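# Survey of secondary and tertiary structure
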Amino acid sequence: MRTNITHILLLLGFIHIGLTHGYAQSKDGAKITPNSKISLNDSIPSTENLIKNDSIHNDSLQALEKEKESIDAIIEHTADDYIIEDIIKKITYLYNNAEINYKDINIKAGDIKIDHGTNTIIARGIKDSVGVYSQLPIFRQGNEESTQDSIVFNFKSEKALVYGLSTEQDGIYTLGEKMKRINDSTIFVRNIRFTTSDKENPDYYLQTKKAKIVPGKKIIVGLTHLVVADVPTPIFLPFAYFPLTSTKTSGIIVPTYGQSTSQGFFMQNGGYYFAGNDFYDLTVLADLYSNGSWGLSTKSSYKRRYKYSGNFNINYESLIYNIDGFDDYSKSKNYNIRWSHSQDAKSNPNSKLSASVNLGSSNYYSQSINQYNSPYSLTNTLSSSISYYRKLVGTPFSFTTSASHSQNTNTEIISMTLPSFILNMDRIYPFAPKSGSQNNAFQKIGFNYGLKAENKIEVMEEDFFKAKMFDEAKTGVQHNISLSTNMKVLKYLTLSPSVTYKEVWYFKSIDKNYDELNQEIVTDTINGFVSFREYSAGASLSTSIYGMFKFKGKRLDAIRHTMRPSISYNYRPDFSYYYETVQASGDPLDLEEYSPFDYGAYGSPSQGLSQSIGLSLNNNFEAKVRNKDPSGDEEFKKITLLNNLNFSTSYNVVADSLKWSTVNVTAGTQIFNNKLSVNTGATLDPYAINSNGQRYNTFNIHNDGSLFRLTRANLTLSYSLSNKDFDKSEDKEDKKDDMQNEQNSDLFGQNMNNFRDDESENSSKEDENSRKDEKTVLYQNKIPWSLRLSYSGTYSNSNRESEITNSSLMFSGDVELTPKWKVGVSSGYDFVNKGFSYTQLRFSRDLDSWRVNFNWVPFGTTTSYYFFIGVKASILSDLKYEQRSTPDQSLF
């Protein structure tokens, strides 16, 4: 009786478990099932326990209830070939493309065993039909993933033991012999290799005995050895720290070193990077030289999403030349401040703050020996602008307040407008109907008003921001009012009359008197409000004329000529009554005229009556040709033959001589499929000149000359060419993009350190992933290359000198000798001074995980070279070797 009850209980237990897990019992007692779910809230009872509890009482029935475990999730598992669940041993077997999901953990492998007794999962690969070990275990938790030879995972404690680890985090590939996972935040690895190479046999790796990994945060290792191409190097690191984070992290910036002919040995651009927060960061760099020279640089970037962004740079250098006590000993202290700020268009459509500042010592770029400043050594102008714009909503008014600066580094003259205030009123039509269109000239009368107030300063650099700078400032306020309209005349002509009024306010004036004692003119500055007014009137008559020339050629269908002639008349009275006279010498009749407004920001009133007639003619030529491809969407296409051919001159009716002004001619076009840009201009003078080179009131043609005398001409050519221009299969849009990129060429050389920045930017995780699928293809008979040319020439003949004052050719090109070898050159030749301009040679070699670059300036005042070999990935950017020479600033 007891035996029968035991058998019944055992049978009921199997039926209960079978219904729960959906399996069928095999002959050997194991259970074979397709994909299933096992609830780990319930433990699987053993047969031995069931036999021992043979009582029919309640305590016997309780033996069939599942014992609660600490696991509170469900293991979902699948496999292609089979799933075997051994109830007696509490083991589940999965084979071929096996997969397990538990909480946020996913394990894939060829062979997986789940041991419910020990709460462990054992995963390993399998051998395929040819004996290759495949379907290696892939362990994924959250966003982290690793591949290994085998893994033992305890799903209760979530600890793991891994053999043959291979994982990637933030661009670092970790290859370890044995790994012990304590929890989801601490991992210990033995005999480990770190690399950024994604190859099966890495290009290089850092090898160490032990390491600690905190996923998503850091990797800490002990004594580390660099191995390149499986060849051990003599380079060892006592320890290494690799930050693993998707956010910015503060850290030390390793300096570069070298030797300068004037400052001795140096370390440049070393310092510290402060990550700050999501809104700003800060970089502090320093330069140290063995002769006592030094430099300091700070750079900060900031950004507020949908608000504004910008960056701020301050640079200072204290340079010592030669040895103290010698005659050629000297010191120089230079600085440079740069600030760039832009406001997001979505921030506020009615106001905008922008800044572009480049302010500093005139000699900063020319004397700096920091390699970062080498490309800017030819800079001769510094300029700055800070402005704030505001639209007064509900009114036609808007205002702009700004400060600007322009500095000539050759003359060291600084011109500033500090500050400037401009108030503008949108054009209003006081006589226009409240609704409907403007039908006549009276209704089209428009009224404009503008106010401009400025404080202008011009000072030498040595007096910058000293008292003298503000004492010589010129201040003024200018009001401008204009009325204009337009009307049709004779159906095809447009007549546009206008009237303007200008009023200028100053807050100080000058008064001149003759000092009879010293026999000189004395100028006094008088503080107080003064003003003057001017007005003028004018009218213009213009139209457009279209001409069409038809052809019967196979391709050329027609040429269209567009002419836009215009004639204008301007009248301005004589405002000489604002001027005063002063005795110039001991003779009371020797008088000199002057303006009390000479020191004003907007000059003095106009002198002399002016009635001028302006003439201009603008031309444009376009061709209509048949498309070569008959299957194209369009049968014809339009080609611009000549973008512009413009003529302009003027005639002063009331002038007593030299009534005609010079004739200005400009022309421009793009030919060869918009590859060659041509722009030219000329100045033609109708009057002759005397032996002193002065114009006089005789036409050149009446002086046995030509109709016009060419006094000045200029020509600029810009041409870009690449191998893609000869590839008919190349997509047209790609060619267009390449042409636009080539226009922003490197005719004046590249930054000696540009490649480092490019590689840092391109070493993000997305770029690394995209490069995995790239395959190097031999060029065979196609070698990529590009060439950019620019010519500039100027001819001058204003005083019969008939000489070419400027003629220079700039060129820059690159050739990819192989998919990973690239050479380039940037240079130019001055045909007038007969010498080469700034010349730079570039050599680049892509070594997959590494990059080699060599930049060389072979001659000139900025002679230097820069050699670099290092890891491309930004996370190991300090694994590099650099050798450089700084420009020798001395002239031979």
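In every chain, residue numbers begin from 1 and rise along the written sequence. Reporting in this predicted model follows two pLDDT cut-offs: at least 70 for local features of residues, and 80 or more for side-chain atom pairs to be given and counted; totals over whole chains, interfaces and linings ignore these cut-offs and use all residues. Hydrogens are left out, water is left out, and the side-chain values use all remaining heavy atoms of the structure.

### Considerations on the overall build of the protein chain
Put simply, DSSP marks the helices as runs of H or I at least four residues long and the strands as runs of E at least two long, and each gets a number from the N terminus on. When helices and strands are tallied, the protein chain shows eight helices and 56 strands. Looking at the protein chain as a whole, 35% of its 892 residues are labelled buried. In what follows, residue pairs with any heavy atoms lying within 4.5 Å of each other are defined as contacts. Look at the contacts in the protein chain between residues 6 or more apart in sequence, and 50% of them connect residues 24 or more apart. Residue exposure ignores everything except the shown protein chains as possible cover, and the areas themselves are Shrake-Rupley values with a 1.4 Å probe. Accessible area of the protein chain: about 51000 Å², with a carbon and sulfur share of 54%. Whether a residue is buried, partly exposed or exposed follows from its accessible area with a 1.4 Å probe, protein chains only, as a fraction of its type maximum: under 20%, in between, or over 50%, in that order.

### Quick notes on the side chain of Thr839
Tracing the backbone shows Thr839 in the loop between strand 52 (835–836) and strand 53 (840–847). Of the residues examined, Thr839 reaches a relative accessible area of 6% and is grouped as buried. For the purposes of these results, a polar contact is taken to be a pair of N or O atoms within 3.5 Å, where, inside protein, one atom must be able to donate a hydrogen and its partner to accept one; residues adjacent in sequence count only when each atom of the pair is a side-chain atom. Of note is the side chain of Thr839, whose polar atom sits 2.9 Å from the backbone oxygen of Ser837. Residues in contact with Thr839, not counting those within four places in the same chain, are Ser826, Ser827, Trp856, Val857, Pro858 and Phe859.

### Considering the packing of aromatic side chains
Pairing of aromatic rings covers Phe, Tyr and the six-membered ring of Trp, with a centre-to-centre limit of 6.5 Å; geometry is then stacked below 30 degrees between planes, edge-to-face above 60, and tilted otherwise. Using the criterion set out here, one finds 31 aromatic pairs in the structure. Their ring planes at 75° and their centres at 5.1 Å tell us that Tyr829 and Phe836 sit as a pair that is edge-to-face. Take Tyr829: its relative accessible area is 25%, and that puts it in the partly exposed class. According to the relative accessible area criterion, Phe836 is exposed, its value standing at 53%.

### A look at the confidence of the model for the protein chain
Every residue gets a pLDDT, meaning the predictor's confidence in that residue, from 0 to 100. Summing up the model confidence of the protein chain, the mean pLDDT is 81 and the portion of residues at 70 or higher is 84%. Contacts from residues 739–744, a stretch scored under 50 in pLDDT, to residues over four places away or in other chains number 10 contacts. Contacts from residues 754–774, a stretch scored under 50 in pLDDT, to residues over four places away or in other chains number 24 contacts.

### Brief notes about a nonpolar patch on the surface
There is a patch of nonpolar side chains on the surface, built from Ile567, Leu615, Trp660, Phe699, Ile701, Leu707 and Phe708 and spanning about 560 Å² of accessible area. Considering the arrangement of structural elements, one finds Leu707 in the loop between strand 47 (695–699) and strand 48 (709–722). Here the term patch refers to residues with relative accessible area over 30% and no salt bridge, with like charges joined within 9 Å and nonpolar side chains (Val, Leu, Ile, Met, Phe, Trp, Tyr) within 5 Å. What counts as a salt bridge is simple: a side-chain nitrogen of Lys or Arg found within 4 Å of a carboxyl oxygen of Asp or Glu.

### A few points about the environment of Leu879
Turning to its location among the elements, Leu879 is positioned in the loop between strand 55 (864–871) and strand 56 (880–885). The buried category is assigned to Leu879, whose relative accessible area is 18%. With 10 residues separating them along the chain, Leu879 and Ile869 place their C-alpha atoms 8.8 Å apart. Apart from the residues within four sequence positions on either side, Leu879 is in contact with Tyr204, Leu226, Trp850, Gly870 and Val871.

### Let's talk about the environment of Val489
Its location among the elements puts Val489 in strand 35 (residues 487–489). Val489 gets classed as partly exposed once you look at its relative accessible area, which sits at 27%. Separated by 53 residues in the primary sequence, Val489 and Ser542 have C-alpha atoms spaced 9.9 Å apart.

### Looking at a positive patch on the surface
On the surface, Lys159, Lys178, Lys180, Arg190 and Lys210 cluster together into a patch of positive charge. Inspection of the secondary structure puts Lys159 in the loop between strand 13 (150–154) and strand 14 (160–169). Looking at Lys159, the relative accessible area reads 43%, which means it is partly exposed. By the counting rule applied here, Lys and Arg register as positive and Asp and Glu as negative, while His and the ends of each chain are not counted. Lysine's charge is taken at NZ, arginine's at CZ, aspartate's at CG and glutamate's at CD.

### Side note on the pairing of strand 56
Pairing between two strands requires that DSSP report at least two bridges joining them. With two bridges connecting them, strand 23 (residues 256–260) and strand 56 associate as parallel partners. Residue pairing across strands places Gln259 opposite Ser885, the latter belonging to strand 56. Sheet topology places strand 55 next to strand 56; six bridges connect them, and they run antiparallel. Residue pairing across strands places Phe868 opposite Glu882, the latter belonging to strand 56.

### With respect to the side chain of Thr120
For Thr120, the position within the fold is in strand 8 (residues 120–124). A distance of 2.8 Å separates a polar atom in the side chain of Thr120 from a polar atom in the side chain of Thr118. Leave out the neighbours within four places in its chain, and Thr120 touches Lys113, Ile114, Asp115, Phe153, Asn154 and Phe155.

### Points about the environment of Glu503
Structurally, the position occupied by Glu503 is in strand 36 (residues 493–515). Judged by its relative accessible area of 14%, Glu503 falls in the buried class. In sequence terms Glu503 and Glu534 are 31 residues apart; their C-alpha atoms lie 6.4 Å from each other. Excluding residues that lie within four positions of it along the chain, Glu503 makes contacts with Val477, Gln478, His479, Phe532 and Arg533. A polar side-chain atom of Glu503 sits 2.7 Å from a polar atom in the side chain of Tyr501.

### Here's the deal with the pattern of salt bridges
In this structure the tally under the stated criterion is 19 salt bridges. Here Arg533 makes a salt bridge to Glu503, at a shortest N to O gap of 3.5 Å. Taken together, the positions of Arg533 in strand 37 (residues 520–542) and Glu503 in strand 36 put the pair 30 residues apart, joining distant regions of the chain. The partner of Arg842 in a salt bridge is Asp814, and the shortest N-O contact between them spans 3.3 Å. Taken together, the positions of Arg842 in strand 53 and Asp814 in strand 50 (residues 803–818) put the pair 28 residues apart, joining distant regions of the chain. Both residues of the pair, Arg842 and Asp814, belong to the buried class. Where salt bridges share partners, they join Lys199, Asp203, Lys820 and Asp848 into one cluster.

### A few points about the nonpolar core
For our purposes a nonpolar core is just a set of buried Ala, Val, Leu, Ile, Met, Phe, Trp, Tyr and Cys residues, chained together by side-chain atoms within 4.5 Å. The biggest cluster of nonpolar side chains holds 42 residues, and the ones touching the most others in it are Ile112, Ile121, Phe153, Phe194 and Phe242. When residues of this core are assigned to their parent elements, the largest contribution, five residues, is made by strand 7 (residues 105–115). Residues in contact with Phe242, not counting those within four places in the same chain, are Ile172, Phe194, Leu206, Lys217, Lys218, Ile219, Val221 and Leu876. With nine residues, the next largest nonpolar core counts Leu359, Met416, Ile457 and Phe464 among its residues.

### Quick look at unusual backbone geometry
For residues besides glycine, phi is generally negative; the peptide bonds are generally trans as well. With an omega dihedral of -5°, the bond running from Leu418 to Pro419 counts as a cis peptide bond. Among the structural elements, Pro419 can be located in strand 32 (residues 413–428). One non-glycine residue with positive phi stands out, namely Ala229, at about 55°. Structurally, the position occupied by Ala229 is in the loop between strand 19 (224–228) and strand 20 (231–237). Under the relative-accessibility criterion, Ala229 is labelled exposed at 52%. The backbone of Asp848 sits at a positive phi, close to 65°, despite the residue not being glycine. Mapped onto the elements of the fold, Asp848 is located in the loop between strand 53 and strand 54 (850–857).

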